[in-house]
Amino acid sequence: MLIMSASEIGKSYGVDVILEDVSFSINKGDRIGIVGPNGAGKTTLLSILSGEAAPTTGNFYVRNGYTVGYLKQRNHFFSEGTVLREAEKTFTRFHEMEKEIHRLEEAISDHEHPDFNRNLEQYTALMEKYKEQGGYTYKSELKSVLRNMGFGESEYDKKISMLSGGERTRLAMACMLLKQPDILMLDEPTNHLDLRMLEWLEQYLKAYKGTIIVVSHDRYFLDQLVNRIFEVSRCHLTDYRGNYSEYLIKHEERMEVALREYEKQQKEIEKQEEIIRRFKGHGTEKLVNRAKSREKRLAHMEVKDRPVTENNRMKLTFHSEYKSGNDVMLAEDLEKSFGERKLFDHVSFDIKKGERICIIGDNGVGKTTLLRILMGKEQADRGYLKIGHNVNFGYYDQGQLLLDENETVLGEMKNAYHLYTDTEMRSILGRFLFRGDDVFKQIRSLSGGEKAKLSLLKLMLSGANTLILDEPTNHLDIDAKEVVEDALLDFEGTLIIVSHDRYLLQKLPTRIFELTTDGIVEYKGRFDYYLQKKEERKAAESSGEESKSTSDGELSAEEERRLRKEQEAEQRRQERRIMELEGIIEDLEAKIQETEELLCAPENMSNVELLQEKGALLEQYKAELEVQYEEWMELQ
């Protein structure tokens, strides 16, 4: 059932066009993810759909009777209430019903009252309505949602004014989920959530009965939740069916088709312009008129734009000026508290050169504090920490607090790296998409994504051999995230990264450290391995059995053997497949050569039917050869 549609929506601010000719329809139960580069107009589109902003052009429709809830990225709450009072506002209707129920209970307690029968009927009907709408369960639901958004009962009386930006966002989300609007709109809902909260939110939204429209750069979240993708790019919207991974494939196919059509049209334009030039060159009236006719046709042709396949990607590479020793960092029983509040204790680990360590854990457990201790910017209360020979730290701060808000982009970079000339530095800034007058912007005026890129540029130029990064993909759009991940993957030094980005956690780490209040649990693998081990541990706990893994999360000898056998079996399988592919490729190349010789034979030049048949077969062989080559390359 259609519940929302848009026809040729446009939005502009003065001469700046944000959206143009945007059309779509949304059915009940759709889960839609909106993606696109920073500044493309995703939040503007949500503002229009929620009714907070009006389109400059076009029409927009929402089915009558459907409620819309919109969770913004920021600017949540201006009241001076508490966490619990703010959440309870969601259930005002139940509070009013409870008052009326109490009044009717007193009224029907007097059986002699003349309105007894009427009051009894009203009471019975109201109690049924109260039950149907969830009156008996709303208090437990409220506590459950608050708890899963990181608010325990001890924080119910905490003043809104005392909450951090992240806490306000999480409280706003809790309130929005409790309202359960028919159409739920979320703008970057996974910001400020730890892995436990993310997992809960995904499960909650999967079971949500309404329609969901979400702007997100969290690729893992989009894969888990959505069944459609709206891509907003260059003022236009393109609708794709499927989750994020399916969108990537379809987007690439669409770009290839668009590029072929563009190149085909460009060749046709060049051909027509050459014919026009020749016609005019002859000088006869007849040919000049024909040239004018062709010029008119060209002028009315709708010229296609060249598809932007890389979409202005920044260019990022990390290199170290010199190598560290093999032993990068050794920690034994580190402990840290602030007053009576313990963050963690018994934190021990050993990090070697070239390792990629990702640190995860609940919000507030002290991940950023641990990074600061490792760099010597904070002191542990107890424990031993040894930094290895020639270890040179480079630090990425998730809050970009190391940037001078009063400086310009160019000034910030020149202050840090003054040996570069202005021309050289502007060239480097151009690689990070700071072009033209952008280099003269003040830091305070930059978006979160722009500040993140500037911090990454400073880190790139540092030449450090050990990079410590605190949430490096926050504030970045998907394209920029992929660039950062690829650059980190190519880095030959050591990486220590705090992150909740599950795509990054699946792509980068050689080990995952889960920081808890009682120390570190180590997982020798990536995010899928971490999830597997967590599930095994839960199953073991629920059945009362001992986990086969060692107590600190390391692999047991049995698991080591099994993993090694699996890896050896996978390697043998790949080697067999490579040999099989090489045979297929050799056979296809022979068939292509044979078919081409057949097509070029003089005796076949006049046989149109044969040429068509063999020509189609040749294209089929070539397409198959390309597929086989791609698989062969991936296995190398």
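Since the structure is predicted, the reported quantities are computational estimates derived from the model, not experimental observations.

Just checking my understanding: could you explain the packing of aromatic side chains for this structure?
The geometry of two aromatic rings is summed up by the distance between their centres and the angle between their planes. Counted under the stated rule, the structure contains 16 aromatic pairs. Note on F349 and F513: the rings are 5.6 Å apart at their centroids and 40° apart in plane angle, and the pair reads as tilted. In this pair, F349 is assigned in strand β11 (residues 341-352) and F513 in strand β17 (residues 511-516), connecting sequence segments 164 residues apart. Per residue, the accessibility class of F349 equals that of F513, and both read buried. A connected cluster of aromatic rings, assembled from ring pairs, spans F91, F94, Y130, Y136 and Y138.

Which parts of the structure should I look at to understand the domain arrangement of the protein?
A common measure of how large an interface is: the accessible area buried when the components associate. Splitting the protein by domain gives domain 1 (1-73 + 165-242), domain 2 (82-158), domain 3 (250-300), domain 4 (327-525) and domain 5 (580-635). Relative to domain 3, the C-alpha centre of domain 2 lies at a distance of 73 Å.

Help me understand the UniProt feature "coiled-coil region" (unreviewed entry) in the protein in this model?
Cross-referencing UniProt, the feature "coiled-coil region" (unreviewed entry) maps to residues 87-133 and 248-282 in the present numbering. Helix and strand shares over residues 87-133 are 77% and 0% respectively, and the end C-alpha atoms of the span are 17 Å apart. Between the end C-alpha atoms of residues 248-282 there is a gap of 51 Å, over a span that is 100% helix and 0% strand.

Where do I start with the side chain of D397 in this structure?
Mapped onto the elements, D397 comes out in the loop between β14 (393-396) and α12 (409-416). The charged side chain of D397 is buried without a salt bridge, its nearest counter-charge being R372 at 6.9 Å. Once you skip the residues sitting within four places of it in the chain, D397 turns out to touch L402 and D470.

Can you help me understand the packing of helix α3 (residues 92-108) against helix α4 (residues 116-132) in this one?
Helix-helix packing: each pair is described by the crossing angle between the helix axes and the interaxial distance. Between α3 and α4, the least distance of the axes is 9 Å, while the angle of their chain directions is 150°. Considered as vectors, α3 and α4 are oriented roughly antiparallel to each other. Of the two possible hands of crossing, α3 and α4 adopt the one that is left-handed. Between α3 and α4, the contacting residues are F94, M97, E98, E100, I101, R103, L104, E105, A107 and I108 on the first element and F116, N119, L120, Q122, Y123, L126, M127, K129 and Y130 on the second. Classifying every residue of the contact of α3 with α4 by side-chain character gives 12 nonpolar, two polar and five charged.

For this particular structure, what's the right way to read a negative patch on the surface?
On the surface, a cluster of negative charge is made up of E252, E253, E256, E626 and E630. At the level of elements, α9 (244-282) and α19 (608-634) are the ones that each hand at least two residues to the negative patch. Tracing the backbone shows E252 in helix α9.

So what exactly am I meant to see when it comes to the sheet that holds β14 here?
Within a beta sheet, neighbouring strands are joined by backbone hydrogen bonds and run either parallel or antiparallel to one another. In space, the six strands of this open sheet follow the order β14-β15-β16-β12-β17-β18, with mixed pairing throughout. Of all strands in the sheet, those bounded by a partner on one side alone are β14 and β18 (519-523). With direction set aside, neighbouring strand axes in the sheet form an average angle of 20°. Note: strand β15 (residues 466-470) against strand β16 (residues 494-498), five bridges, orientation parallel. Residue pairing across strands places L467 opposite L495, the latter belonging to β16. Contacts from helix α14 (residues 448-462) reach β14 and β15, with the element oriented near 175° to β14.

I would appreciate a short explanation of unusual backbone geometry in the present structure.
Keep in mind that most residues, glycine aside, have a negative phi and that most peptide bonds are trans. One non-glycine residue, H192, adopts positive backbone phi at about 70°. Summarising the element assignment, H192 is placed in the loop between β6 (183-187) and α7 (195-206). When its relative accessible area of 40% is taken as the criterion, H192 is described as partly exposed. Unlike most non-glycine residues, R234 shows phi in positive territory, near 55°. Positionally, R234 belongs in the loop between β8 (228-233) and β9 (236-241).

Would you take a moment to explain the pattern of salt bridges for this structure?
Between side chains of opposite charge, a pair can form as their charged atoms come close. The tally for this structure, following the rule as stated, stands at 36 salt bridges. In this structure, the salt-bridge partner of E335 is R382, at a minimum N-O distance of 3.0 Å. Of this pair, E335 sits in strand β10 (residues 327-338) while R382 sits in strand β13 (residues 382-387), and the two are 47 residues apart along the sequence. We classify R382 as exposed; its relative accessible area is 53%. With its nearest N and O atoms 3.8 Å apart, the salt bridge here joins D438 to K441. Classification of D438 as partly exposed rests on a relative accessible area of 25%. Judged by relative accessible area, K441 falls into the partly exposed class, the value being 29%. Connected via shared salt-bridge partners are R219, K481, E485, D486, D501 and K507.

Explain the sheet that holds β8 here, please?
Strand order in this open sheet of six strands is β5-β6-β7-β3-β8-β9, and the pairing throughout is mixed. Looking at which strands have only one partner, the edges of the open sheet turn out to be β5 (68-71) and β9. With direction set aside, neighbouring strand axes in the sheet form an average angle of 15°. Sheet topology note: the β8/β9 ladder contains six bridges and is antiparallel. Bridge pairing in β9 links V232 to L237. Packing of α9 onto the sheet brings it into contact with β3 (31-35), β8 and β9, and relative to β9 it is tilted by some 120°.

Would you take a moment to explain the pairing of strand β2 (residues 16-27) for this structure?
Regular strands place their side chains on alternate faces of the sheet. The pairing of strand β1 (residues 2-13) with β2 spans eight bridges and is antiparallel. Looking at the pairing, S5 lines up with S25 of β2. Between β1 and β2, which follow one another and run antiparallel, lie two residues, and G14 among them has a positive phi close to 65°.

What counts as what
- Residues numbered from 1 in each chain as written.
- Predicted model: local features only at pLDDT ≥ 70, side-chain atom pairs only at ≥ 80, totals over all residues.
- Heavy atoms only, no water.
- Phe/Tyr/Trp six-rings, centres within 6.5 Å; stacked < 30°, edge-to-face > 60°.
- Helix = DSSP H or I, 4+ residues; strand = E, 2+ residues; numbered from the N terminus.
- Buried < 20%, exposed > 50% of the residue type's maximum accessible area, 1.4 Å probe, protein only.
- Domains from an automatic or database assignment.
- UniProt positions renumbered as here; feature names shortened; annotations may be inferred.
- Lys, Arg positive; Asp, Glu negative; His and termini not counted.
- Salt bridge = Lys/Arg side-chain N within 4 Å of Asp/Glu carboxyl O.
- Contact = heavy atoms within 4.5 Å.
- Axes fitted to C-alpha atoms, helices over the stretch in contact; angles between N-to-C directions.
- Parallel < 35°, antiparallel > 145°, perpendicular 65-115°, else oblique.
- Left-handed = near helix turned anticlockwise from the far one by under 90°.
- Nonpolar A, V, L, I, M, F, W, Y, C, P; charged D, E, K, R; others polar.
- Patch = residues over 30% accessible without salt bridge, like charges linked within 9 Å, V, L, I, M, F, W, Y side chains within 5 Å.
- Areas by Shrake-Rupley, 256 points an atom, 1.4 Å probe, with all protein chains shown as cover.
- Charge placed at Lys NZ, Arg CZ, Asp CG, Glu CD.
- Pairing = 2+ DSSP bridges.

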